[in-house]
Amino acid sequence: MRTFGMSLAAALLLAGPLSPPAAAQSTDGESSRAAIVERSQADKSTKLRPYVPSGFEMAVTRVEKTMLNGTMKWHPFLEGAYTGAGFSPGVGYMTHVSPYSTLDVRGNVSIRNYKVAEAEFISPRLFHRRAELSVVGGWREATQVGFYGIGPNSTTANRADFAFEQPYAGARFKVKPTRRLWVLGGGADVARWSFNDPTGIAPSVDSVYTPATLPGLGITTTFVHSQATVGFDWRPAQAYARRGGFYSITAHDYTDNDSRFGFRRVDYRVTQHFPILRESWVLSLNGQASATFNKDGQQVPFYMLPYLGGGSTLRGYSSHRFRDRDSVLIQGEWRIMVNRFMDTAVFYDAGKVASQHSEMDFHGMRTDYGFGARFHTPFATALRIDVARSTEGTRLVFATSSAF
Amino acid sequence: MRSTRLTASLAMVAAVFFGVTASTTSLRFLGDDPLVKEPDSQDASQAQASEIGDLYEMVYNLFEQPKYKPSGLRAQNINTVDEVPDSSWFTNRVTAQPLSAADLVRGPNVGAPPDPSKWVIFREKTSGVHPGFTARDAKGETWFLEFDPPYYPEGATAALLMASKFYWAFGYNQVETFLTTLDPRHVEFDPKATIKRPNGKRTRFTRDDLDEVLERVARRPDGTYRVVAGRLLPGKVLGYFRYEGTRPDDPNDLVPHEHRRELRALRVFGAWTNLTDLKSKNTLDTLVVENGRPVVKHWLQDVGSTFGMNNDLHEWDLSWEHFYQGDTTLKRLASFGFTRSPWQTVDYVEKPAIGKFEGTRFDPMTWRPQTATTAYMEMRPDDAFWAARRVAAFNREMITAIIHTGQFTDPSVEPALVNIMLKRRDKILRAYLPAVNPVVAPRLRERELVFDNAAVNADVARAPRLYTSAWFEFDNATRALRPLGESSSPTTSIEAPAALPNQMGSFVAIDIAADGTDYASWRRPVRAYFRRQPEGWTLVGLDREPDGNAGQVASLR
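Residues numbered from 1 in each chain as written. Chains lettered and ligands numbered in written order. Predicted model: local features only at pLDDT ≥ 70, side-chain atom pairs only at ≥ 80, totals over all residues. Heavy atoms only, no water.

Draft legend 1. Molecular detail of unusual backbone geometry. Cis rather than trans, the peptide bond between D33(B) and P34(B) has omega equal to -5°. Within the secondary structure layout, P34(B) lies in the loop between α1 (4-18) and α2 (54-64). Not every positive phi belongs to a glycine, and F127(A) is a case in point at roughly 50°. By the element assignment, F127(A) lies in helix α4 (residues 126-129). The exposure class of F127(A) is exposed, given its relative accessible area of 57%. A positive phi angle, near 50°, is found at L277(A), a position not held by glycine. Along the chain, the position of L277(A) falls in the loop between β10 (263-276) and β11 (281-294). (Helix = DSSP H or I, 4+ residues; strand = E, 2+ residues; numbered from the N terminus. Buried < 20%, exposed > 50% of the residue type's maximum accessible area, 1.4 Å probe, protein only.)

Draft legend 2. Quick peek at the packing of aromatic side chains. The final tally for this structure, using the stated rule, is 57 aromatic pairs over all chains. Each ring, one from F302(A) and one from Y303(A), has its centre 5.2 Å from the other, and the planes form 85°; the classification is edge-to-face. Judged by its relative accessible area of 1%, F302(A) falls in the buried class. According to the relative accessible area criterion, Y303(A) is buried, its value standing at 2%. Here a set of aromatic residues connected by ring pairs shows up, and it is made of F90(B), F166(B), Y167(B), F170(B), Y172(B), F269(B), W272(B), F307(B), F357(B), W386(B) and F394(B). Here the guanidinium or amino end of R335(A) rests over the ring plane of F404(A), the centre of that ring lying 5.0 Å away. The positively charged end of K356(B) is found above the aromatic ring belonging to W316(B), 4.4 Å away from the centroid. (Phe/Tyr/Trp six-rings, centres within 6.5 Å; stacked < 30°, edge-to-face > 60°. Lys NZ or Arg CZ within 6 Å of the ring centre and 35° of its normal.)

Draft legend 3. Highlighting the nonpolar core. Core analysis: the largest hydrophobic core is formed by 100 residues, its most contacted members being F166(B), Y167(B), F307(B), F394(B) and I403(B). Here this core gets 12 residues from one element, more than from any other, and that element is helix α4 (residues 155-170) of chain B. Among the nonpolar cores identified, the runner-up in size contains 29 residues, and Y82(A), A85(A), I219(A) and F223(A) belong to it. (Core = buried A, V, L, I, M, F, W, Y, C linked by side-chain atoms within 4.5 Å.)

Draft legend 4. Representation of helix α3 (residues 55-68) of chain A within the structure. Taking 1.5 Å of rise per residue, the 14 residues of α3(A) would be expected to cover 20 Å, and the 20 Å separating its terminal C-alpha atoms lies within 8% of that figure. Those residues of α3(A) that fall on the buried side of the exposure criterion are E57(A), V60(A), T61(A) and E64(A). Looking straight down α3(A), one finds that the buried residues subtend no more than 100° of arc, so they occupy a single side. Tucked into the core, α3(A) has its buried residues touching α2 of chain B. (Expected span 1.5 Å × (residues − 1). Arc of directions from axis to C-beta. Contact = heavy atoms within 4.5 Å.)

Draft legend 5. How the structure looks around the confidence of the model for chain B. All names here are of chain B. Counting all residues, the mean pLDDT for chain B is 91, and 93% of those residues have values of 70 or more. This model gives residues 1-5 a pLDDT under 50, and the stretch forms nine contacts once residues within four places in sequence are excluded. The model gives residues 21-25 a pLDDT under 50, and that stretch makes 11 contacts with residues more than four places away or in other chains. (pLDDT = per-residue confidence, 0-100.)

Draft legend 6. Quick look at the pattern of salt bridges. Residue and element names in this part refer to chain A. For the structure on display, the rule yields 70 salt bridges over all chains. Ionic pairing is found between R265 and D267, a salt bridge with its closest N-O pair at 2.8 Å. Across the pair E333 and R315 runs a salt bridge, and its minimum N-O distance is 2.6 Å. Here the residue E333 occupies a position in strand β14 (residues 326-339), and R315 occupies one in the loop between β12 (307-308) and β13 (322-323), the gap between them amounting to 18 residues. (Salt bridge = Lys/Arg side-chain N within 4 Å of Asp/Glu carboxyl O.)

Draft legend 7. Inspection of the sheet that holds strand β11 (residues 439-444) of chain B at higher detail. All names here are of chain B. Spatial strand order, β11-β12-β15: three strands in an open sheet with antiparallel pairing. Looking at strand neighbours, the two that pair on one side only are β11 and β15 (493-495), the edges of this open sheet. Across this sheet, the average inter-strand angle for adjacent strands is 20°, counted without regard to direction. Sheet topology note: the strand β12 (residues 448-453)/β15 ladder contains three bridges and is antiparallel. In the sheet register, L449 faces β15, and the bridge partner there is I494. (Pairing = 2+ DSSP bridges. Axes fitted to C-alpha atoms, helices over the stretch in contact; angles between N-to-C directions.)

Draft legend 8. Focus on the confidence of the model for chain A. Of the residues in chain A, 92% have a pLDDT of 70 or more, and the chain-wide mean is 91. Confidence over residues 1-30 of chain A falls short of pLDDT 50; this stretch has 72 contacts with residues more than four positions distant or in other chains.

Draft legend 9. Representation of the interface of chain B and chain A. The partner chain A presents 67 residues to the 89 residues of chain B that form the contact. Run the count over chain B and chain A and you get nine salt bridges. The interface formed by chain B and chain A contains 37 residue pairs in polar contact (both at pLDDT 80 or more). Among the secondary structure elements, those contributing two or more residues to the side of chain B that touches chain A are α1, α2, α5 (207-214) and α8 (326-335) of chain B. A per-element tally of the side of chain B that touches chain A places α1(B) first, with eight residues. By residue class, the composition of the side of chain B that touches chain A is 35 nonpolar, 27 polar and 27 charged. (Polar contact = N/O pair within 3.5 Å; in protein donor to acceptor, adjacent residues only side chain to side chain. Nonpolar A, V, L, I, M, F, W, Y, C, P; charged D, E, K, R; others polar.)

As structure tokens, this is what we get:
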């Protein structure tokens, strides 16, 4: 930008006053200031050129136009195939199929060789901007999902792994009847779980458990999953907020193709952000609970049990570290606004899994603590880096979303 | 990045405008000094529309601009008496002639207000922080309409209207702006009206598009909407001007914009009115025909980010910090936020129509727009002094007259705003008027030099014990000074030495300083030059802060 200062040519044009030209003499013999200025302007008029932006300006402007004009088709896709995938570089290609509706085809492969390829259609402005429809279909593979046993007292020494691949398809419908605050959602999807040999260093679950001791082990199962949500959301944005809250209840029904592993689950979530000193600090609290309910004569398969552990639950523990029929999680973050683009935070997580609803209390919770940095826009978290410490060690979390 | 070529060019520009030259044989003062109007002598019809992207300007101003080292150079578009001549950028108003309340209320408006009995929408609004449309009124005239957000009812529309009058009075080219009404029942859509969609294509503007905007703005109980309407500017739109460099396609644009005093002075005017969104996209260049010649005219087209109205309801740090500041970032990072910033605790008047605007904790020296421009960084104490004199020209009645145009429903808003403006005005005057030698308006009568002290007159400084003067005969060709004598006075009237020349065309130079004052800067003399003419002595030159006072410049930053 600074390069469009006066050129040498223009500078030379202004040399007039150093030796006042005859043309600049007024009738009383003195030079005229206006005449000198006019002569310089006349000289510049012979050397006019259009403004030429620098290479940097052109590049940034091109990026901006691409974003604003809906022509940015290719985009990074970093969301892993499944929790615990690790860093998952990938790309997506999104195109508008109507002024607002998009079709996004994307995929990635993680450092643990988890893979996902999927296509998603989103129509965000149905019913006069009150509803959003999302239809997604794809395939994913997870190669080394940890399983440490069922219950709150499992140990890391008992880790076993399983691997699965899964084609899936589904549709979700989200309605905001008043366009704000109230959120109603519903959807259905179908997914087939089929299991492979895990590739990690931990033994395979097949070698540790049997189908009798671990429901669902080794059995390819297709689930039809339906869900309904009612929520109250007064955060400024879902993906980054320093005030407001989100309260929701979601009911799920899972029905398998041979009626062996059907169950119901209810998820409860309460998130509240308390701004302090004009949002320069934010005390953010999150509580989540999940409870499963057997269908008659059926069991919850081990891989669909509620779990804790990983980058957005108990951050100081491995992904899926604790599994059982129910889970409860409470999290607190003290977020510090460093500037408009960066927050730091100290956090504390506590949670437990339980085999019965009556055990969903605050006794015997697993805890961790840590600190982190978040880089964000006003509405979304671009990168979250957390360092979390628990009794099982220190873990580093990289994520492209807020913890809650 | 600045080259020596540019430095040389600046020296030559300076020579053109205020007569500082390196030659010992050229005339210091020319026949038409001081220049009262910057000529636009050339046909600028070759000027082409160009744009600057929001993202580029933001990135540049946030991360490149902080590295910029101000040149310390005196403004380059000032004339020989340290004033800004009228130009396609600026017209001296508030200090040039007494402005009545009626003048101020009228401001830039010369035409009739819009007829809101019908609005025909034909395009969305593409700039500014608050929602709006481009529409034609019942008379078919094109207007840019802007609404109040629901959390600032009346505030945003009033801010734009009032600021347009303040900035017009300062001297800037301003859009004609009116408060009016939009009744959705009387809105139509031009058959060719389009709106840009997220897929980048323009499709027909629909009632739902109107509804979507109206859902996000403040609605009156009767179902109508208060809007502020800006009249379409005449001429061909050439895009935004930049706060540095010159337009290479405009032959009349000789002075790099960062060295235009009126653009530097936006740091002071911006602080007073809280114009936090100082960016190119809030400016406009148009090609207009003046005196039969196409010339480029430069506008501050959107001054609505004023009076606390640029902030979202929860943007507390605006006007206290740039969008990004390395020093505060480091402090908060290192202290986990325990290093407090003023914006965290400052008290605001809790009125939606006022927003985050106050005068008690306000400090003009630490006020910050969203991002700094090059012109902002180049401001020197003499530029700030020049701006502060214009701020000083606004008395309570003038401020009240403008604030009254905001038409606030809540009767307590107007006096509250007036009081805030007065508090901020006084702080600006205290900060900037005494910071340089404040001697202004020197007049040389037959045997008496009379002048004013801008800081004392504004009641922000005590008069010095003594004014001193050193008198010289000045040779306009050789610049030689021949001492004539010295004199002093406890008042702003000093007797001339007996040896004053009296032949027509002769010059005298007078160094005027103060003694017995708290301000060191007052002991540095202002030099005034007078030329003997048939009607008497005429002021032709005034040097307040020559180039080289780097220490003083640093004190402003």
